[in-house]
Amino acid sequence: MNQHSPATASPFRQPKAVWAVAFACVVSFMGIGLVDPILPALSHQLHASPSQVSLLFTSYLLVTAVAMLITNMVSSRIGPKRTLIVGLAIIVVFAALAGTSDSIGGIVGFRAGWGLGNALFIATSLAVIVASASGGFGGAIILYETALGIGIAVGPLLGGTLGGISWRGPFYGVSVLMFIALVATVTLVPKTPKPAERTSVIAPLAALRHRGLLIMSLTAVLYNWGFFTMLGYAPYPMELNEHKLGLVFTGWGLLVAIFSVAVAPRLQRRFGTAKTLYANLFLLGVVMTVIAAFTDSPTTVIVAVIVCGAFIGINNTLTTQAVMTVAPVPRPVASASYGFVRFIGGGLAPFVAGKLADHYNIHVPFYLGAATFILAIFVLATGHRLLTDAENAAEEAASGAAAEPVGEIVTVGRIGEANGNRPVVVAVDGGPSTAAVTAEAAERAARLHAPLELLHVHEIAIVGEDAVDRESYDQARARVQAALDDLAARGIAASGHVLRSVADHGHAGSLIAKHANAVGAQLVAIGAPSHGDVAHLLDGSASRRLVEEAGCEVLVVPPGSGSATGVPSHPSGSELRSRDGF
């Protein structure tokens, strides 16, 4: 932006309610690797075999899997905030009870209750952050991604630190931290409205009749089998104490977070989802084979586990994105179906791994894990055409073609008659720049004797293994209709469209550029990013991607430009950019 542009809002300047939920998210994501550093200690001090200790994962994940079937039903009846509170309260109680237990069986049972609470929490936390955030959709996603990265990376470190004092420490630590988050959520988060439609408990199961969703879910079962075999059994051959195990899995967690948030979207754009997943699953199989062959070398296992974090981060993001791309059902239903199936694989894997290690040797579970990664490639390949067709449909939609359900471009309305000239396209998102950018685009269109096209991208963001709608489809249409009504009141001819996108926020810029190129736009107008420089580091800026890919000049209008009444004017902070001048 030029020197006249106003400072953009930071995604970290949020209401207290958002910080309360974000803090809870950090603690929740800590749970992914929190118990790994204390697994050998639990085995030794409670006189339990590794296969018995592995049931901590099995009970937690199997209950989470089943609970995924009811989370949307519960949330649609009592509302997201109450669902969040119930989930947090359950985690507080069962994490504390796990810390008080004196037997491995008791801990396993209390971990099952913990899994129920976690399912309710993860099903609603991202949606509550998006609904409450003041930094816009992009700012909310950045904040959630930050919580994801901190939680995954710090969880093993906290587990190792507290576990070095006592194996009970990590359980009590989570209970205390979640209690703080619970109090903050109750007191700071405003009441959230219930969804307009209630979700049936059988809807996630019925959705598995769709071949694309079933194939992606089965792929996730096999992937999670290998993943949780590594997570549940790799600590034993490392022969490290709690502190050092915590450091190892902190390195693993850092790579999971970095590659999930920053690397996976870039690989997807360059190579496509299917090709990236094929290569990634193959490399996971190679790394797991190395662990299996060299379990007698602690150094080899340590390095392999840390490296594995990069591939796990990529797979988590792209598998979730693939599910949302091919699923012909509402996002909450698709997410619940996918979560139900994949967590079953994650829950069974540690249990089976323990039995195989007891009956054969510790090499066998890792070889089986490597085989499941490779088998996942073949299962995914059976749905290759479904996935690539869905991706192509999204790309074609940006060029004006029709597609269902992702990538669909829908004309909301049209006022006045087009004159046959090349149009001016204006992207509207309901943010602080909307009035100014629409007014400026209308004036430019009048000067160029060009028809005006309003385009609003209905985004579904993928964050780690979760997905969230920026708004409902009806809300997206309403935004466009409101802008059309405003233009009609001022006698300005225009057409309005909604385009759906499943990807990072920057992908919306690519779709706008493709649509503009397809219709031969003379100019594209867009509001300046409202979520600060952090988004650029994550390649999440729609305006940047638009400028890079559009075949015409791009007008970037900062918030607050133009007159208060919406009459077209010349915003002093606006910039006219092209690819050569960016």
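Bear in mind that the values here come from a model prediction, so they are computed numbers and not experimental data.

Along the protein chain, the regular secondary structure elements total 23 helices and eight strands. The long-range fraction of contacts in the protein chain, counting pairs at least 24 apart against all pairs at least 6 apart in sequence, stands at 84%. Summing over all exposed atoms, the protein chain offers an accessible surface of approximately 21800 Å²; the carbon and sulfur share of this is 62%.

Turning next to the pairing of strand β2 (residues 424–427). By the alternation rule, side chains of β2 split into V424 and V426 and V425 and A427, which are all buried. Where β2 and strand β6 (residues 523–527) come together, three bridges link them in parallel fashion. Its bridge partner lying in β6, V426 is registered against A525.

For the rest of this paragraph, the subject is the packing of aromatic side chains. Aromatic ring pairs: the centre-centre distance and the angle between the two ring planes describe each pair. In this structure the tally under the stated criterion is 11 aromatic pairs. Centre to centre, the rings of Y233 and Y236 are 5.4 Å apart; their planes meet at 50 degrees, and the pair counts as tilted. Residue Y233 is classed as buried on the basis of its relative accessible area, which comes to 2%. Considering the side-chain rings of F249 and W252, the 6.0 Å spacing of their centres and the 70 degrees angle between planes classify their relative orientation as edge-to-face.

Across all of its chains, the model carries four salt bridges by this definition. The shortest N-O distance in the salt bridge between E443 and R447 comes to 3.6 Å. Here R447 and E443 lie together in helix α19 (residues 434–448), a separation of four residues that amounts to about one turn. Classification of E443 as buried rests on a relative accessible area of 15%. Judged by its relative accessible area of 47%, R447 is partly exposed.

So, on to the environment of H359. Residue placement: H359 occurs in helix α16 (residues 331–359). A polar contact is formed between the side chain of H359 and the backbone oxygen of K355, at a distance of 2.9 Å.

As a further point, take the packing of helix α1 (residues 16–30) against helix α6 (residues 104–122). Interhelical geometry of α1 versus α6 gives an angle of 135 degrees and a closest axis separation of 11 Å. With respect to α6, the element α1 is oriented oblique. As α1 runs across α6, the sense of the crossing is left-handed. Contacts from V21, A24, C25 and S28 in α1 reach N118, F121 and I122 in α6. Residue classes in the contact of α1 with α6 are distributed as five nonpolar, two polar and no charged.

Another aspect to go through is a nonpolar patch on the surface. On the surface, F282, L283, V286, V290 and F294 cluster together to form a nonpolar patch covering roughly 410 Å² of accessible area. In this fold, F282 is placed in helix α14 (residues 273–293). Overall, F282 belongs to the partly exposed group, its relative accessible area being 47%.

Okay, the nonpolar core next. By size, the foremost hydrophobic cluster in this structure holds 118 residues, and its most contacted members are F171, M178, M230, M238, W252, V305 and I312. The biggest single contributor to this core is helix α15 (residues 298–326), with 13 residues. V412, A442, A445 and L452 belong to the second-largest nonpolar core, a separate cluster that totals 23 residues.

Here the focus is helix α5 (residues 80–100). Across its 21 residues, α5 extends 31 Å between first and last C-alpha, which sits within 8% of the 30 Å expected from 1.5 Å per residue. Residues of α5 that are buried in the fold lie against α1, α4 (55–78), α6, α7 (125–132) and α9 (169–188).

For the rest of this paragraph, the subject is the confidence of the model for the protein chain. In this model, the protein chain carries a mean pLDDT of 79, and residues with pLDDT of at least 70 account for 79%. The lowest-confidence element of the protein chain is helix α22 (residues 533–537), averaging 37 in pLDDT; the highest-confidence one is helix α17 (residues 363–381), averaging 96. Predicted confidence is poor over residues 398–407, with pLDDT under 50, and the contacts of this stretch with residues over four places away or in other chains come to 25 contacts.

On to unusual backbone geometry. Although it is not a glycine, H47 adopts a positive phi angle of roughly 55 degrees. The phi dihedral of E239 falls on the positive side, at around 55 degrees, and the residue is not glycine. Following the sequence through the fold, E239 ends up in the loop between α12 (235–238) and α13 (242–271). A residue is classified by how much of its surface remains accessible, and E239, at 66% relative accessible area, is exposed.

Attention shifts here to the pairing of strand β7 (residues 553–557). With four of its five residues buried, β7 lies for the most part within the structure. Both β6 and β7 contribute to a ladder of five bridges, which runs parallel. Counterpart to L523 in the pairing with β7 is E553.

Turning next to the packing of helix α11 (residues 211–233) against α14. For the pair α11 and α14, interaxial distance at closest approach is 11 Å and the crossing angle is 30 degrees. With respect to α14, the axis of α11 lies roughly parallel. Read as a crossing pair, α11 and α14 show a hand that is left-handed. Contacts from T219, Y223, G226 and M230 of α11 reach α14 at L281, L284, M288 and I291. In terms of residue class, the contact of α11 with α14 is built from six nonpolar, two polar and no charged.

Once that is clear, we can look at the environment of I38. Topologically, I38 is positioned in the loop between α1 and α2 (39–45). Judged by its relative accessible area of 0%, I38 is buried. Put simply, I38 and G164 are 126 residues apart on the chain and 8.2 Å apart in space, counted from C-alpha to C-alpha. Excluding residues within four positions of it along the chain, I38 makes contact with G159, G163, W167, P170, F171 and E242.

The subject of this paragraph is the environment of G159. Its location among the elements puts G159 in helix α8 (residues 136–165). For G159, a relative accessible area of 0% corresponds to the buried category. C-alpha of G159 to C-alpha of D36: the two residues are 123 residues apart in sequence and 7.6 Å apart in space. With residues near it in sequence (within four places) discarded, G159 still touches L34, P37, I38 and P170.

Cut-offs applied
Residues numbered from 1 in each chain as written. Predicted model: local features only at pLDDT ≥ 70, side-chain atom pairs only at ≥ 80, totals over all residues. Heavy atoms only, no water. Helix = DSSP H or I, 4+ residues; strand = E, 2+ residues; numbered from the N terminus. Contact = heavy atoms within 4.5 Å. Areas by Shrake-Rupley, 256 points an atom, 1.4 Å probe, with all protein chains shown as cover. Buried < 20%, exposed > 50% of the residue type's maximum accessible area, 1.4 Å probe, protein only. Pairing = 2+ DSSP bridges. Phe/Tyr/Trp six-rings, centres within 6.5 Å; stacked < 30°, edge-to-face > 60°. Salt bridge = Lys/Arg side-chain N within 4 Å of Asp/Glu carboxyl O. Polar contact = N/O pair within 3.5 Å; in protein donor to acceptor, adjacent residues only side chain to side chain. Axes fitted to C-alpha atoms, helices over the stretch in contact; angles between N-to-C directions. Parallel < 35°, antiparallel > 145°, perpendicular 65-115°, else oblique. Left-handed = near helix turned anticlockwise from the far one by under 90°. Nonpolar A, V, L, I, M, F, W, Y, C, P; charged D, E, K, R; others polar. Patch = residues over 30% accessible without salt bridge, like charges linked within 9 Å, V, L, I, M, F, W, Y side chains within 5 Å. Core = buried A, V, L, I, M, F, W, Y, C linked by side-chain atoms within 4.5 Å. Expected span 1.5 Å × (residues − 1). pLDDT = per-residue confidence, 0-100.

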